[in-house]
Amino acid sequence: MDFSNLHTILRSLYDEMMPLCSDMAGVAQAIAGLGALFYVAYRVWRHLADASPIDVFPLLRPFAIGVCIMFFPTVVLGTINSVMSPIVQGTASMLEGQTLDMQKYREEKDRLEYEQMMNDPSTAYLVDDAEFDRQIDELGVTEIGTAAGMYIERGMYKVKKAIQNFFRELLEMLFQAASLTIDTIRTFFLIVLAILGPIAFALSVYDGFQSTLTMWIQRYIQTYLWLPVADLFSTILAKIQVLMLQNDISELTNNPNVDIDGTNTAYVIFMIIGIIGYFTIPTVAGWIIQAGGAGNYNRAVNNTAMQAGSMAGSVGGAVVGNVAGRAGKLLK
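Let me begin by describing the structure that accompanies this report. Here the structure is a predicted model, which is why all the values come from computation and not from measurement. (Residues numbered from 1 in each chain as written. Predicted model: local features only at pLDDT ≥ 70, side-chain atom pairs only at ≥ 80, totals over all residues. Heavy atoms only, no water.)

### Observations regarding the overall build of the protein chain
Part 1 of the argument: For the protein chain, the helix and strand inventory stands at 14 helices and zero strands.
Part 2 of the argument: Scanning the protein chain from its N terminus toward the C terminus, one meets helices and strands in the order α-α-α-α-α-α-α-α-α-α-α-α-α-α.
Part 3 of the argument: For the protein chain, buried positions account for 40% of its 332 residues.
Part 4 of the argument: Here the analysis covers contacts within the protein chain between residues at least 6 apart in sequence; of these, 81% occur between residues at least 24 apart.
Part 5 of the argument: When the accessible surface of the protein chain is totalled, it reaches about 18300 Å², and 65% of it is carbon and sulfur. (Helix = DSSP H or I, 4+ residues; strand = E, 2+ residues; numbered from the N terminus. Buried < 20%, exposed > 50% of the residue type's maximum accessible area, 1.4 Å probe, protein only. Contact = heavy atoms within 4.5 Å. Areas by Shrake-Rupley, 256 points an atom, 1.4 Å probe, with all protein chains shown as cover.)

Written as structure tokens, this is what we have:
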């Protein structure tokens with residue numbers, strides 16, 4: 001499954017839903033117009049009752065909000081998205097650079113692992129079909145038991161590698177699914193905030209609802225920051241994997257007795273950490289810009305993170321349980 005295409009579909013979904021803001025603008029203009037009438041009338045009559053001069057500047061607030069409602073997709077959404085877009089592009093470029101480095105070092109590590117096993121006659125037949133056939137052909141009729149043992153060891157090695165690859169691919173899929181979950185919720189929140197944004201602006205004209213305007217802006221920016229925070233989190237994980245791969249390459253180059261299973265275990269451990277960490281992104285975005293009203297959601301996300309961590313841990317335990325002690329040496 002190509003998860004990058006799914007993320008692209010979510011971006012397209014946001015763009016396709018933006019015209020609905022214009023449909024809400026008409027309703028919002030009527031609400032704001034009625035609110036502006038009460039807003040101006042109340043203040044003018046109060047000044048007349050107090051026999052005080054009328055301050056015109058505060059009376060312009062509902063008219064400024066009305067202009068924002070009339071041109072909401074361009075003036076409000078366009079301005080915010082234009083300001084925040086460079087942040088998203090910057091974090092995306094950082095992630096892309098680290099991902100390319102990780103792929104390059106992973107290919108180098110796989111090549112060194114293959115060469116190390118090929119240089120050892122006792123393990124070369126496990127990874128190379130031609131070497132396996134050559135060693136079988138060299139065995140005589142009296143060494144049938146040795147040949148049978150080689151077949152069994154080769155079969156067990158392939159089963160072991162298949163199980164390791166299966167669980168690694170499963171954890172990678174769960175990692176990508178966590179990323180897609182956060183991006184889907186983010187897109188849903190942004191669409192709802194964008195479509196109903198004109199209504200929030202219209203209600204802010206009324207006395208007692210002035211904070212609606214600032215709260216809407218805070219929540220929109222906070223939700224928009226989920227994507228760059230997710231990219232930064234993925235960049236950190238990719239950098240950790242690059243450092244681990246560099247260490248593995250150094251060990252494979254200089255140490256012929258390196259524990260290959262331990263290196264694969266460390267990778268699985270960090271995948272589990274990444275799955276749990278993805279669900280903390282809304283909390284981290286809330287540290288950057290504070291917006292009220294999302295406490296229940298954050299608690300739900302934290303509960304989901306704990307459940308996902310338990311599931312990922314149980315899955316990963318099947319792979320790493322027998323080599324957890326060796327992973328400690330690698331991480332030191």
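### With respect to helix H3 (residues 61–70)
Part 1 of the argument: Three or more residues of H3 are buried, namely Pro62, Ile65, Gly66 and Ile69. Taken down its axis, H3 places every buried residue within 105 degrees of arc, on the same side. (Arc of directions from axis to C-beta.)

### A word on the nonpolar core
Part 1 of the argument: Ranked by internal contacts, the top residues of the largest apolar core, which has 52 residues, are Leu77, Phe201, Trp216, Tyr220 and Tyr278.
Part 2 of the argument: With ten residues, the single largest contributor to this core is helix H7 (residues 144–195).
Part 3 of the argument: Leaving out residues up to four positions away in the same chain, Trp216 has contacts with Phe72, Val76, Leu77, Ile80, Leu193, Ala194, Gly197, Ala200 and Phe201.
Part 4 of the argument: One finds Ile136, Ala147, Met150 and Tyr157 within the second-largest nonpolar core, a separate group that totals eight residues. (Core = buried A, V, L, I, M, F, W, Y, C linked by side-chain atoms within 4.5 Å.)

### Description of the packing of H7 against helix H10 (residues 226–254)
Part 1 of the argument: Viewed as axis vectors pointing N to C, H7 and H10 meet at an angle of 165 degrees, and their least axial separation amounts to 10 Å. Taken together, the axes of H7 and H10 are roughly antiparallel relative to one another. In this structure, the crossing between H7 and H10 has a hand that is right-handed. Contact with H7, carried on its side by Phe175, Ile182, Ile185, Arg186 and Phe189, involves Trp226, Leu227, Ser234 and Leu237 of H10 and no other residues of that element. (Axes fitted to C-alpha atoms, helices over the stretch in contact; angles between N-to-C directions. Parallel < 35°, antiparallel > 145°, perpendicular 65-115°, else oblique. Left-handed = near helix turned anticlockwise from the far one by under 90°.)

### Focus: the pattern of salt bridges
Part 1 of the argument: Applying the stated criterion across every chain yields a total of five salt bridges.
Part 2 of the argument: Among the ionic pairs, Asp183 bridges to Arg11, the shortest N-O distance being 2.6 Å. Here Asp183, found in helix H7, pairs with Arg11, found in helix H1 (residues 3–17); they are 172 residues apart in sequence, far enough to count as distant.
Part 3 of the argument: With relative accessibility at 3%, the residue Asp183 sits in the buried group.
Part 4 of the argument: With its nearest N and O atoms 3.4 Å apart, the salt bridge here joins Lys109 to Asp248. (Salt bridge = Lys/Arg side-chain N within 4 Å of Asp/Glu carboxyl O.)

### Considerations on the packing of helix H4 (residues 72–119) against H10
Part 1 of the argument: Running from amino to carboxyl end, H4 crosses H10 at an angle of 20 degrees, the nearest separation of the two axes being 8 Å. Accordingly, the angle class assigned to the pair H4 and H10 is roughly parallel. In this structure, H4 meets H10 at a crossing whose hand is left-handed.

### A few points about the packing of aromatic side chains
Part 1 of the argument: Under the defined criterion, the tally for this structure stands at ten aromatic pairs.
Part 2 of the argument: Ring plane angle 65 degrees and centroid distance 5.1 Å describe the contact between Phe175 and Tyr278, whose orientation is recorded as edge-to-face. You can see Phe175 sitting in helix H7 and its partner Tyr278 sitting in helix H11 (residues 260–278), a full 103 residues away along the chain. With respect to class, Phe175 is no different from Tyr278; both count as buried.
Part 3 of the argument: An angle of 70 degrees between the planes, with centres 5.4 Å apart, marks the rings of Phe233 and Tyr278 as edge-to-face. One end of the pair, Phe233, is in helix H10; the other, Tyr278, is in helix H11, with 45 residues separating them in the sequence. Each member of the pair Phe233 and Tyr278 is classed as buried. (Phe/Tyr/Trp six-rings, centres within 6.5 Å; stacked < 30°, edge-to-face > 60°.)

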